[in-house]
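Results of the structural survey
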Amino acid sequence: LICAGSGGLAPGCLATLLSVYLIDNHYDHELPRANVAAIIVFSVISSAGGEVILQLRERMQAETWRLAQREGFMRKFFHTLPAPVTIASDDGVILAANISAEQLFSAERGSLNGRALGDFITLDSDFERDAADPHRQRQDFERIVSGRATDGSALELAVARAETLAGERSIMSLYLRD
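In this text the structure is predicted, and so the values were computed from the model without any measurement.

For the rest of this paragraph, the subject is the overall build of the chain. The secondary structure content of the chain amounts to five helices and five strands. Listing every helix and strand of the chain by position from the N terminus yields α-α-α-β-β-α-α-β-β-β. By residue count, 30% of the 178 residues in the chain fall in the buried class. Within the chain, counting contacts between residues at least 6 apart in sequence, those at least 24 apart form 43% of the total. Total accessible area computed for the chain in this model is approximately 11500 Å², and 60% of it derives from carbon and sulfur atoms.

Structure below.
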């Protein structure tokens, strides 16, 4: 069964035949043919199941590799965009910020993630009302807001917001221009 589960049909059948041969040649009395037939049928069925498991595991590994490749590409693309972009949850927590956004806010690499968006952008009542209302109509818009860098310097920003659903949660992508 271990051979079948890890190697598939051919190793499982080979292990079965070898086992039947060894059992048959090492017992003083001969095994009833019905028992040998049952062992072979059980092992072939188990080996076929092992083959299915092996193929599923190989497909899953290939898909995991493809997803990792796509994620790496998208991560590289996101971080090398010349425009400052932040991605925030519907409650205003920054989930990701690209290098341009970090430079705009004079922040160290990775230091914006997990912080409140309101620490850097003065959110107007529309932003706050939208975040507080789970049944709102999701709208994309652009407006001018004030912001501040981590060093305290003031910024005036054009913010374009695009919103999408991730399961039950809303995620906002904010495209910034100073």
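After that view, the rundown keeps rolling.
Two strands pair when backbone bridges link them, and strand β1 (residues 85-89) and strand β2 (residues 94-97) are joined in this way by three bridges, in the antiparallel orientation. Looking at β2, one finds that T86 is bridged to A97.

Further remarks concern the packing of aromatic side chains. In the structure shown here, the tally under the stated rule is one aromatic pair. Taking the centre distance of 6.3 Å and the plane angle of 20 degrees together, the rings of F73 and F77 count as stacked. Here F73 and its partner F77 are both found in helix α3 (residues 33-80), four residues apart, which amounts to about one turn of the helix. Assessed through its relative accessible area of 55%, F73 is described here as exposed.

To continue, consider unusual backbone geometry. Unlike most non-glycine residues, S106 shows phi in positive territory, near 55 degrees. Structurally, S106 is set in the loop between α4 (99-104) and α5 (125-132).

Residues L18, Y21 and L22 make up a contiguous nonpolar surface patch of about 320 Å² in total accessible area. Structurally, L22 is set in helix α2 (residues 9-26).

Let us look at the confidence of the model for the chain. For the chain, the mean per-residue pLDDT works out to 76, and 75% of the residues sit at or above 70. Confidence, read as mean pLDDT per element, is least for α5 in the chain (54) and greatest for β2 (90).

For the rest of this paragraph, the subject is the pattern of salt bridges. A complete count under the given rule lists five salt bridges for this structure. As a salt-bridge pair, R70 and E63 come within 3.8 Å of each other at their nearest N and O atoms. Ionic pairing is found between R109 and E102, a salt bridge with its closest N-O pair at 3.8 Å. Overall, the relative accessible area of 60% leaves R109 in the exposed class.

On to the nonpolar core, then. Inside soluble globular proteins, nonpolar side chains tend to come together where they are buried. By size, the foremost hydrophobic cluster in this structure holds 18 residues, and its most contacted members are F105, L112, I121, L157, V159 and L176. Among the secondary structure elements, those contributing two or more residues to this core are β2, α4, β4 (154-166) and β5 (169-177).

Quick look at the pairing of β1 now. The element β1 is extensively covered by neighbouring structure, given that four of its five residues are classed as buried. Both β1 and β5 contribute to a ladder of five bridges, which runs antiparallel. In the strand pairing of β5, I87 is matched with S173. Where β1 hands over to β2, the hairpin turn is made up of four residues, of which G92 adopts a positive phi near 85 degrees.

Along the polypeptide, K76 turns up in helix α3. The exposure class assigned to K76 is exposed, which follows from its relative accessible area of 58%. For the pair K76 and N98, spaced 22 residues apart in sequence, the C-alpha to C-alpha distance is 9.6 Å.

Criteria and cut-off values
- Residues numbered from 1 in each chain as written.
- Predicted model: local features only at pLDDT ≥ 70, side-chain atom pairs only at ≥ 80, totals over all residues.
- Heavy atoms only, no water.
- Helix = DSSP H or I, 4+ residues; strand = E, 2+ residues; numbered from the N terminus.
- Buried < 20%, exposed > 50% of the residue type's maximum accessible area, 1.4 Å probe, protein only.
- Contact = heavy atoms within 4.5 Å.
- Areas by Shrake-Rupley, 256 points an atom, 1.4 Å probe, with all protein chains shown as cover.
- Pairing = 2+ DSSP bridges.
- Phe/Tyr/Trp six-rings, centres within 6.5 Å; stacked < 30°, edge-to-face > 60°.
- Patch = residues over 30% accessible without salt bridge, like charges linked within 9 Å, V, L, I, M, F, W, Y side chains within 5 Å.
- Salt bridge = Lys/Arg side-chain N within 4 Å of Asp/Glu carboxyl O.
- pLDDT = per-residue confidence, 0-100.
- Core = buried A, V, L, I, M, F, W, Y, C linked by side-chain atoms within 4.5 Å.

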